[in-house]
Amino acid sequence: MTTGRGAPRILPGEMGTEGEMGTEGNDEIDAVLTEDPPSFTPADALEAAASAFAINATSARSLGSERDQAFLLLDGDTPTAVLKVSNPAEDPENLDMEALVVRHARRVDPDLPIAAPRPRPDATNADDPTTYRALLTHDQRDHWLRLYDVLPGHSRTDPTAMSDRALGAFGTTSARLGRALRGFFHRRAQRTMLWDMQHALRSREFLPSVTDRTAHDLAARTLERFEQRLRPAWPTLRAQVVHTDLTPDNSLLDDDGFVTGIIDFGDMSHTALLVDLASVLEALTDGRSDHERLRAARLVIDGYQRVTPLEPLELALLGELWATRCAISIAIKSWRVQRELEDSAFAQRNLDDWVQALELFHSLGWDQLARELGAETFAGDRAQLAARRDAALGPAIEPLSYDEPLHVESAAGVWFTTTTGERVLDAYNNVPCVGHCHPRVSEAIARQARRVNTNMRYLHDRAVELAERLSATLPDGLDTVFFVNSGSEANDLAWRMALTATGNEGGLCTEWAYHGISHAIAPFSPETWPEHRPAPVESWRPADALRGNYLDETEFDAALLRLQRRGLDLAATMLDGVMQSDGVLVLEPAYVRRLVERTHAAGGLWIADEVQGGHGRTGEHLWSFERFGIIPDFVTMGKPMGNGHPGAAVVTRRDIAQRFRDDTIFFSTFGGNPVSVAAAIAVLDVLDDERVLERTRVAGELLRRAVREIAADAPSIGDVRGMGLANGIEIVRPGTTEPDPDTTAALKNALRHHGVLVGSCARAENVLKVRPPLAFTAAEVPVFADSLRAAIADVVDR
């Protein structure tokens, strides 16, 4: 049994107040390092094992050690046990802690291959840690003896010989061990050990022993970085009792490099959980080229995160902690060589490798190192990033919004935070339905993604649950659910089913609608059309309250007639219930009911597109079509269903689905996948628990009232309209109803400069679209109103 590296320890009293990471004082190195190790011979080991533990072995083989001794006991050629002889200076209470932690970990994770201590023959209480040690005097010095089970495998494996799978598995084992220890505590774990990176600055006193100038400077600079960045962040890191030194020296591996035994807890300490992973990275990447060092590290991290996902801050700091481990190793190893506690030639191999690692890290820079290990950092200024975007994505992509584009670092609720620290109110993005990064949804996605993600060819109960819950919110008869991945796909599928069910080929939509981007649905999105109108769709201008035609169906009738004159019978009419692209028009229910009647009379079906208006956006109903008093033939939903996670649905009648089934079988590779379904269920739960509909209704009423008060003194505002949190502010030339798109664009940009995001819509691009996530509340209304006043002052009153 080996003990790995000697672990320098500082005597109690080193730390000022409990838990303080002090840096003052000249503390003595613990006697365990300076006391001569035991001097047992194999014959002594056999005799000690027999007297203390009644083990009658025939031979003993030294396993090597630095501060203790360990012997493999054999009966003939069969290993029977491992005898560990502790350094005379070892505190027996530390040994008791090791016995207790092993018992705890084996209870929590029985499959972890941890070498278990054996009790003395006279032991009566297995929970008493003192029963796992025996005192023996040898050469006039007292030694504590412990006996351990034999595990398969061998130690001191060359990490460069480990396969990729073995590297990942080692990371997983490290995480499992950390998880097994997280409920354990012992008062002696609150100790100061220099391998524990929270005490990294103590290593400075060893730097004079580093004679190589390059190594000295790299280690010193790394410790300085620790002091500047890691030390202040340390109290925010997850902390518990951890092993701190799970390396190939302190474990047993099989011929393929997989862990078969964890054999030494002598360096355990209460510290940051991340210390374990940093020590593993240092050990398993030894002897590799720069590229391979980073690649191997990523494989280990992947394995670790299969069990314990790292927090964003942990990922950001991991590379720096890895570097700190290398700096500590250089300092302590050099000190040990100087004091002739370690062979100089043997130590040099490690020293050279740690120096190579630090040279790599410093040449990369800390931000790039963090990115290499999976952290998200933001490099380059906004102009450079915009230029790269243009070069990579090409000319056909929609341009960036606003004359001062956003570079977003994070979001929460209705607020963006940019990379410069600016907070911006999002009054535009509807896709994060219940708010950006809602914890219920984000955690549901993460949990399911860590468990399994597959398709609808296999049973999973949450997909059935979601389908049942969606159907339960809809009128009777809308009872059959198809899952897809986006609103475009949902409308595409509904259109395809309408063609099959009716045998007709014509479609109708409003004059400036947007329903998706697929080849079949692009004709239903005149907002994106070129000058010519693609067949087989005609459009109509919807009723417009500002211009006095609340109930005029003549435009619809004319569009239907144009279809028929082209030899196209109507298959379906598609309508967005909140008219987001057409200018957020508030349609009269009686008007829409007559359009549905005309559609059915013409042999067509009605598709209620709820991608933008559904999931409570009107504040009155879950679905926008409900305010019209109609029963559609199809209801389509898009990514707001999963708060932005790719997921969508079509709900229709069983007879329509059966007609479709007569022609084909439908399958969407990832439509209804468990991760998207988890997100969608979480959204429905949040809508209920947070009473989102009522909150949306109140916030919308207050918002429109506030804007109308502003409009009383702003003749450029021709109309303020909307439902819930689907709102439009129409900008006109004062004294007319003539659209003013230039002022609209200027106001949109001015609002952005005052910290609020809105969009623009309508055929003339003269309507400010105010469509925030449904996390928008009454508290945000004054923020919006103040920014709108300031924007009007900048643009109109200047």
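Computed from a predicted model, the values in this text were never measured in an experiment. (Residues numbered from 1 in each chain as written. Predicted model: local features only at pLDDT ≥ 70, side-chain atom pairs only at ≥ 80, totals over all residues. Heavy atoms only, no water.)

Draft legend 1. Seen up close, the confidence of the model for the chain. Scored by pLDDT, the chain has a mean of 91; 94% of the residues are at 70 or more. Low pLDDT (under 50) marks residues 1–29, which in the prediction has 91 contacts with non-local residues, meaning those over four places away or in another chain. (pLDDT = per-residue confidence, 0-100. Contact = heavy atoms within 4.5 Å.)

Draft legend 2. Geometry of a positive patch on the surface. Where like charges cluster on the molecular surface, the positive patch consists of Arg179, Arg182, Arg447, Arg450 and Arg451. By residue number, the principal contributor to the positive patch is helix 12 (residues 439–451), which donates three residues. Its location among the elements puts Arg179 in helix 4 (residues 164–181). Residue Arg179 is classed as partly exposed on the basis of its relative accessible area, which comes to 36%. (Patch = residues over 30% accessible without salt bridge, like charges linked within 9 Å, V, L, I, M, F, W, Y side chains within 5 Å. Areas by Shrake-Rupley, 256 points an atom, 1.4 Å probe, with all protein chains shown as cover. Salt bridge = Lys/Arg side-chain N within 4 Å of Asp/Glu carboxyl O. Lys, Arg positive; Asp, Glu negative; His and termini not counted. Charge placed at Lys NZ, Arg CZ, Asp CG, Glu CD. Helix = DSSP H or I, 4+ residues; strand = E, 2+ residues; numbered from the N terminus. Buried < 20%, exposed > 50% of the residue type's maximum accessible area, 1.4 Å probe, protein only.)

Draft legend 3. Examining the pattern of salt bridges more closely. Scanning all chains against the criterion turns up 47 salt bridges. A salt bridge links Arg469 to Glu465; the nearest nitrogen and oxygen atoms lie 3.5 Å apart. Here Glu465 and Arg469 lie together in helix 13 (residues 461–472), a separation of four residues that amounts to about one turn. Classification of Arg469 by relative accessible area gives partly exposed; the value is 24%.

Draft legend 4. Representation of the packing of helix 4 against helix 6 (residues 274–284) in the model. Between helix 4 and helix 6, the shortest axis-to-axis distance is 10 Å and the interhelical angle comes to 155°. By the angle between their directions, the pair helix 4 and helix 6 is classed as roughly antiparallel. When the axes of helix 4 and helix 6 are compared, the crossing they make is right-handed. On helix 6, the residues that touch Leu167, Phe170 and Ser174 of helix 4 are Asp276, Val280 and Leu284. The residue inventory of the contact of helix 4 with helix 6, partitioned by class, reads four nonpolar, one polar and one charged. (Axes fitted to C-alpha atoms, helices over the stretch in contact; angles between N-to-C directions. Parallel < 35°, antiparallel > 145°, perpendicular 65-115°, else oblique. Left-handed = near helix turned anticlockwise from the far one by under 90°. Nonpolar A, V, L, I, M, F, W, Y, C, P; charged D, E, K, R; others polar.)

Draft legend 5. Up close: the environment of Cys761. Mapping Cys761 onto the fold places it in strand 24 (residues 759–761). The class of Cys761 is buried, set by a relative accessible area of 0%. Between the alpha carbons of Cys761 and Gly728 there is a distance of 8.6 Å; along the sequence they are 33 residues apart. Apart from the residues within four sequence positions on either side, Cys761 is in contact with Gln580, Ser581, Gly583, Val584, Asn766, Val767 and Lys769.

Draft legend 6. Layout of the environment of Ile607. Summarising the element assignment, Ile607 is placed in strand 18 (residues 605–609). Overall, Ile607 belongs to the buried group, its relative accessible area being 0%. In sequence terms Ile607 and Thr573 are 34 residues apart; their C-alpha atoms lie 6.0 Å from each other. Look past the residues within four positions of Ile607 in its chain and what remains in contact with it is Asn491, Ala494, Trp495, Ala572, Thr573, Met574, Leu575, Phe634 and Thr636.

Draft legend 7. Layout of the pairing of strand 13 (residues 423–426). For strand 12 (residues 415–418) and strand 13, the ladder comprises three bridges, and the chain directions are antiparallel. Counterpart to Trp415 in the pairing with strand 13 is Leu425. (Pairing = 2+ DSSP bridges.)

Draft legend 8. A look at the packing of helix 19 (residues 692–711) against helix 21 (residues 781–795). Orientation of helix 19 relative to helix 21, taken along the N-to-C sense of each, is 25°, at an axis distance of 10 Å. Overall, the two elements helix 19 and helix 21 adopt an arrangement that is roughly parallel. The hand of the helix 19/helix 21 crossing is right-handed. Here Ala699, Leu702, Leu703, Ala706, Val707 and Ile710 of helix 19 lie close against helix 21, whose contacting residues are Val781, Phe784, Ala785, Leu788, Arg789 and Ile792. In the contact of helix 19 with helix 21, the residues fall into 11 nonpolar, no polar and one charged.

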